Amino acid sequence: MRNLETDVLVVGAGGAGMYAAVEAARLGSRVILADRGLIGRSGATVMAQMTVAAAMGEPADDSVEAHLADTLKAGRGLCEPDLSRLLCEEGLECVREMDTWGVGWARAEGHLTPVMAPGHDRPRCVYVDFLNTGPAVSRTLRTQVIRSPLVQRVGDLCITDLVVHEGRCAGAVGVHLPTGEAVTIVAGAVVLACGGLTRLYARNSASSNMGGDAYALALRAGAPLIDMEFVQFFPIGHLAPRMIGMDPIMWDPFRYKLGGRLLNGLKEEFTHRYGTEDGGRYTITRDQATYAIYKEVEAGRGSPHGGAWLSFEHLPAEQLRAAFGPVVDRLAKNGIDLAKTPIEVAPIAHYHMGGVAVDTRMATAVPGLFVGGEAVGGANGANRLSGNAITEAFAFGRRAGASAAEAVTALAASAVADPAASAARIEQVRAQAQRLIEATLTPGTLPAEANTAAAIDELQVIMSRKVGPFRTEAGLREGLEGVRALAQRFHAAPSFAPGAFDPVWLDWFDLRNMTLVAETVAVAALERTESRGAHQREDHPGLDPDWTLHLESRLAGPTDAVALVQSQVNPQIALARVPVNAGAAA
Amino acid sequence: MKSLAQLKVWRGAPPEEGHYEQYEVPFESGNSVLDGLRYIRSHFDRTLALRFACINANACKECMVMVDGKTVYGCTTRLEAREMRIEPLRNKDWIRDVVSEIGPPDERLPEV
């Protein structure tokens, strides 16, 4: 067993986690930045090839108020306005700070060249050419992390549970993947920045690390989640022909820049049939486009692989080359010539609006536990505005890092006042962490023939078919039953001790988190008997003003970490209704 | 239309010497070597250790392996209807099966 100690533990080294680490260190905290993959290459940020929304005000006028208005409008009444404001305001500061760090936002003639994106009232989205926003952001932040001597970077460390001591989050336990060794980390504060839950779905645009770890860790630590039913499907994710080495959601900016035409299987334009005006201006929002494609496929007018066509055939090859740059060659390697053939697109799980409930300090209900990035719930309501994800990663990551550092400073003051009590506390936390990780890694009775990798595939199919973008009570009940049965089948731990880079144990940890998070999504989706934003109930069409509230999920039953690990039954979710803007009222 | 790739995959972990195991993997045109390795896990042997995060965006750079003696990314190398030999990186420490220690030395869990 390896025992580490730090001021701030940041879980997840994507955009939010790296920003949190830099900020906490800037305020004087020692930081461990842990990731289950490689630092700065894991998670969603590095995969984002698109744009970052910020009211930079150049070359044309813009304002935080205008960005906020668009964010709230997209959120269909469910945004927590204080969090949305923070996203727009502090996000803007961070986008400027990233500029000074040399990220390289695209410029021409001495000014930024922000582009229009769906749902915005003006061009507001900066980017790094060509399709390089995420990698450039990740590289820039990683450089800042490396320049922070107080940050220790630890890759290949999979955090499996948080440690709560006397009601306060005091560290975490996990497994060092290359050796399979148990690790305990005693920390003054913890920041969860390990992203959303898109891996729950068979077709998704994020990495295999986005299986809802942040939500499961928070739930088991006693922190409630909100808006878990709101999963954003990106309408024009790449479907066919098979394309590798490219982000499946890369088509959006090109569709905007060039006016790519969205056509059904009969090669007809169709989005106008669903009460939206496209007309080449491409202002249709994501939930509307997803609905339109889904309905065409259902009516038997889908493309051959079950989506829609996206066509650039009306454009001359030179114009495609000018707009796509070197991307044309990368497409050619995939056998795609846009001037000659359309490609097929379909809705793909892209982002999760819900997440851990926080205040504007990014503080959860559990003292010492903070959250950053996509793992935060509430800022984007029922539907996220295009371009807000990286902005949110920056803003919420930085704020979470600052708040964690502040919490540690308060703790340090009490340690100075009573060093003996502080030392005793650290020993107690360490002992508790050791009990927890020993209980977690104890081999169980999972049958040898139980294929954990196939079980994850199975879960993804259940979620896609029954808890996807369009829902019914019957389907959701079937989905819930399927998720629970799967969780029960894989409840017992593998029957052997974890080895080096143990894929079965890693699957098992993933299944434990993914089935719990899948349950929260399905339970909340079943409860919300209306259609709003990304949550569309076929049996309850239309937005119901009475449902302008959050569903809050927490664990019912034992919350003692060791008892949870040793429990023979699946954890259950309890729902509560919480008014919007509760944060501002509190 | 499905074709078959014969994947000859290096298995084992130190202090073992390691050995090849052969798998017949059905694939569609365009499928990657990483797709094939993931197929093996779901259909034949869940204990095959792999490392990858982004699956097919070529962003995480974790899926580096050797295919027929050449260092490649598993996600950008396509399956072919023939025997393909898949091994861990030769110039990195071997961890298990086709997984090598690729984390930068100053980003690993510090030695005791």
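Residues numbered from 1 in each chain as written. Chains lettered and ligands numbered in written order. Predicted model: local features only at pLDDT ≥ 70, side-chain atom pairs only at ≥ 80, totals over all residues.

Peer 1: Before we go on, may I ask you to explain the interface of chain B and chain A in this structure?
Peer 2: The accessible area lost on association of the parts is a frequent measure of interface size. Counting residues at the interface gives 35 residues for chain B, matched by 37 residues for chain A. Counting only elements with at least two residues in the side of chain B that touches chain A, the list comes to α1 (33–43) and β6 (94–96) of chain B. Taken together, the residues of the side of chain B that touches chain A sort by class into 15 nonpolar, ten polar and ten charged. (Contact = placed C-beta atoms within 7 Å. Helix = DSSP H or I, 4+ residues; strand = E, 2+ residues; numbered from the N terminus. Nonpolar A, V, L, I, M, F, W, Y, C, P; charged D, E, K, R; others polar.)

Peer 1: Teacher, can you tell me more about the pairing of strand β4 (residues 70–73) of chain B here?
Peer 2: Side chains on a regular strand alternate between the two faces of the sheet. All names here are of chain B. Note that strand β3 (residues 64–67) and β4 share four bridges and pair antiparallel. Counterpart to V65 in the pairing with β4 is V72. Here β3 folds back onto β4 in antiparallel fashion, the turn holding two residues, of which D68 has a positive phi close to 50 degrees. (Pairing = 2+ DSSP bridges.)

Peer 1: How should I be thinking about the domain arrangement of chain A in this particular structure?
Peer 2: Residue and element names in this part refer to chain A. Domain annotation for chain A reports domain 1 (2–45 + 133–231 + 351–438), domain 2 (236–346) and domain 3 (442–547). Centre-to-centre, using C-alpha coordinates, domain 1 lies 23 Å away from domain 3. Counting from both sides, the interface comprises 29 residues of domain 1 and, opposite them, 28 residues of domain 3. Those elements that place two or more of their residues in the side of domain 1 that touches domain 3 are β8 (157–165) and α5 (213–221). With four residues, the single largest contributor to the side of domain 1 that touches domain 3 is α5. Its residues assigned to classes, the side of domain 1 that touches domain 3 comprises 17 nonpolar, seven polar and five charged. (Domains from an automatic or database assignment.)

Peer 1: I would appreciate a short explanation of helix α13 (residues 473–489) of chain A in the present structure.
Peer 2: For an α-helix the count is 3.6 residues per turn, leaving residues at separations of three or four pointing the same way. Residues and elements named next belong to chain A. Its 17 residues place the ends of α13 24 Å apart at the C-alpha level, agreeing with the 24 Å of an ideal helix rising 1.5 Å per residue. Regarding α13, the residues found buried are G475, L476, G479, L480, G482, V483, L486 and A487. Looking straight down α13, one finds its buried side chains confined to an arc of 165 degrees; they lie on one side. Residues of α13 that are buried in the fold lie against α12 (452–466), β18 (470–471) and α14 (503–527). (Expected span 1.5 Å × (residues − 1). Buried ≥ 20, exposed ≤ 12 C-beta atoms within 10 Å, placed from the backbone. Arc of directions from axis to C-beta.)

Peer 1: Whenever I open this one, the nonpolar core confuses me. Can you help?
Peer 2: One broad rule of soluble globular proteins: the nonpolar side chains tend to lie buried together. V191(A), L192(A) and V356(A) are the most contacted members of the largest nonpolar core, which has 221 residues in total. Considering each element in turn, this core owes the most residues, 16 residues, to α14(A). (Core = buried A, V, L, I, M, F, W, Y, C linked by C-beta atoms within 7 Å.)

Peer 1: What am I meant to see in the confidence of the model for chain A here?
Peer 2: Caution is warranted with low-pLDDT regions, since their predicted coordinates should not be read in detail. For chain A, the mean per-residue pLDDT works out to 93, and 98% of the residues sit at or above 70. Note on residues 278–282 of chain A: pLDDT under 50 across the span, and eight contacts to partners over four residues away in sequence or across chains. (pLDDT = per-residue confidence, 0-100.)

Peer 1: How should the sheet that holds β4(B) be read in this particular structure?
Peer 2: Paired through backbone hydrogen bonds, the strands of a sheet run either parallel or antiparallel to each other. All names here are of chain B. Taken in spatial order, the five strands line up as β2-β1-β5-β3-β4 in an open sheet, and their pairing is mixed. Edge positions in the open sheet fall to β2 (19–27) and β4, since each of these has one partner strand only. Each neighbouring strand pair of the sheet contributes to a mean axis angle of 35 degrees, computed without reference to strand direction. Where strand β1 (residues 3–11) meets β2, nine bridges bridge the pair, whose relative direction is antiparallel. Its bridge partner lying in β2, R11 is registered against H19. Docked against the sheet, α1 engages β1, β2, β3 and β5 (83–87), running at close to 105 degrees with respect to β2. (Axes fitted to C-alpha atoms, helices over the stretch in contact; angles between N-to-C directions.)

Peer 1: Honestly, the sheet that holds strand β15 (residues 343–352) of chain A in this entry has me stumped. Any pointers?
Peer 2: Residue and element names in this part refer to chain A. In spatial order, the strands read β12-β15-β14-β13; together these four strands make up an open sheet with antiparallel pairing. Two strands bound the open sheet, and with one partner strand each, they are β12 (231–240) and β13 (261–263). Between one strand axis and the next, the sheet turns through 45 degrees on average, direction left out of account. The pairing of strand β14 (residues 308–311) with β15 spans three bridges and is classified as antiparallel. From the neighbouring strand, A308 faces β15, where its bridge partner is V345. Sitting on the sheet, helix α6 (residues 251–258) is in contact with β12, β14 and β15, with an inclination near 80 degrees to β12.

Peer 1: Teacher, can you tell me more about the environment of T520(A) here?
Peer 2: Tracing the backbone through its elements, the reader meets T520(A) in helix α14. Expressed as a C-alpha distance, the spacing of T520(A) and S553(A), which sit 33 residues apart in the sequence, is 6.8 Å.

Peer 1: Help me understand the pairing of β8(A) in this model?
Peer 2: All names here are of chain A. With eight of nine residues buried, β8 is to be regarded as a mostly interior element. Pairing analysis gives eight bridges linking β8 to strand β9 (residues 168–176), with the strands arranged antiparallel. Considered in β9, the bridge of V163 is made with G171.

Peer 1: What is the right way to look at the packing of α12(A) against α14(A) in this model?
Peer 2: Residue and element names in this part refer to chain A. Running from N to C, α12 and α14 cross one another at 20 degrees; their axes reach a closest spacing of 9 Å. In this view, α12 runs roughly parallel relative to α14, as classed from their interaxial angle. Here α12 and α14 pass one another in a crossing that is left-handed. Along the contact surface, α12 presents T452, A453, A455, I456, L459 and M463, while α14 presents V504, D507, W508, D510, L511, M514, T515 and A518. Class assignment of the residues belonging to the contact of α12 with α14 gives a composition of ten nonpolar, two polar and two charged. (Parallel < 35°, antiparallel > 145°, perpendicular 65-115°, else oblique. Left-handed = near helix turned anticlockwise from the far one by under 90°.)

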